Amino acid sequence: TNQNYIDRLRLPIIQSPMFIVSNARLVIASSKAGIVGSFPTKLPTLEALDQEFTNINQALGSGKDALPWAVNIIVSKMYARSNDDIDLILKHKP
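Criteria and cut-off values
- Residues numbered from 1 in each chain as written.
- Predicted model: local features only at pLDDT ≥ 70, side-chain atom pairs only at ≥ 80, totals over all residues.
- Heavy atoms only, no water.
- Helix = DSSP H or I, 4+ residues; strand = E, 2+ residues; numbered from the N terminus.
- Polar contact = N/O pair within 3.5 Å; in protein donor to acceptor, adjacent residues only side chain to side chain.
- Contact = heavy atoms within 4.5 Å.
- Phe/Tyr/Trp six-rings, centres within 6.5 Å; stacked < 30°, edge-to-face > 60°.
- Buried < 20%, exposed > 50% of the residue type's maximum accessible area, 1.4 Å probe, protein only.

A.B. asks: Hey, could you go over the side chain of D85 for me, with residue numbers and the actual values?
C.D. replies: Inspection of the secondary structure assignment puts D85 in helix α4 (residues 82–92). There is a polar contact of 2.9 Å between the side chain of D85 and the side chain of R81. Sequence-distant contacts of D85, defined by excluding residues within four places in its chain, comprise T41, L46, L49, I73 and Y79.

A.B. asks: Account for the side chain of S38, with residues named and values stated.
C.D. replies: In this fold, S38 is placed in strand β1 (residues 37–40). Side-chain polar atoms of S38 contact the backbone oxygen of Q15, separated by 2.5 Å. Apart from the residues lying within four places of it in its own chain, the contact partners of S38 are I14, Q15, S16, P17, S22, V27, A70 and V71.

A.B. asks: Residues and numbers for the environment of A29, please.
C.D. replies: Within the fold, A29 resides in helix α2 (residues 24–32). When the C-alpha atoms of A29 and A59 are compared, they prove to be 9.6 Å apart, with 30 residues separating the residues in sequence.

A.B. asks: Tell me about unusual backbone geometry, residues and numbers included.
C.D. replies: Although it is not a glycine, K93 adopts a positive phi angle of roughly 55°. Turning to its location among the elements, K93 is positioned in the segment after α4.

A.B. asks: Which residues make up the packing of aromatic side chains, and what values go with them?
C.D. replies: The tally for this structure, following the rule as stated, stands at two aromatic pairs. Relative to W69, the ring of F53 has its centre 5.5 Å away and its plane inclined at 55°; by these criteria the two rings are tilted. Note that F53 is positioned in helix α3 (residues 46–60) and W69 in strand β2 (residues 69–72), a separation of 16 residues in sequence. What makes F53 buried here is its relative accessible area of 0%. Cluster of aromatic residues (ring-pair linked, three or more members): F39, F53 and W69.

Any link to function would need more than the numbers given here.
Right under this line is the structure:
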């Protein structure tokens, strides 16, 4: 449940998904430090995004015992990959 994730947070903080500097390493470090790590989906390729999600899940776990993390999806008519990004989000379940 969502409460399970909340109970494992050290502080009620979400690390901002900063376009230039946020990546899997920052998300992992933030989540392990007890806050919610996050990053934007705008990576050069869908394959690169899939790999970042995989790296995060491998480091933080998955399912009900996983450390919490988040993703900032770009939703715009100008960003043609939104639907593909959503599919990856559903696959990896941040």
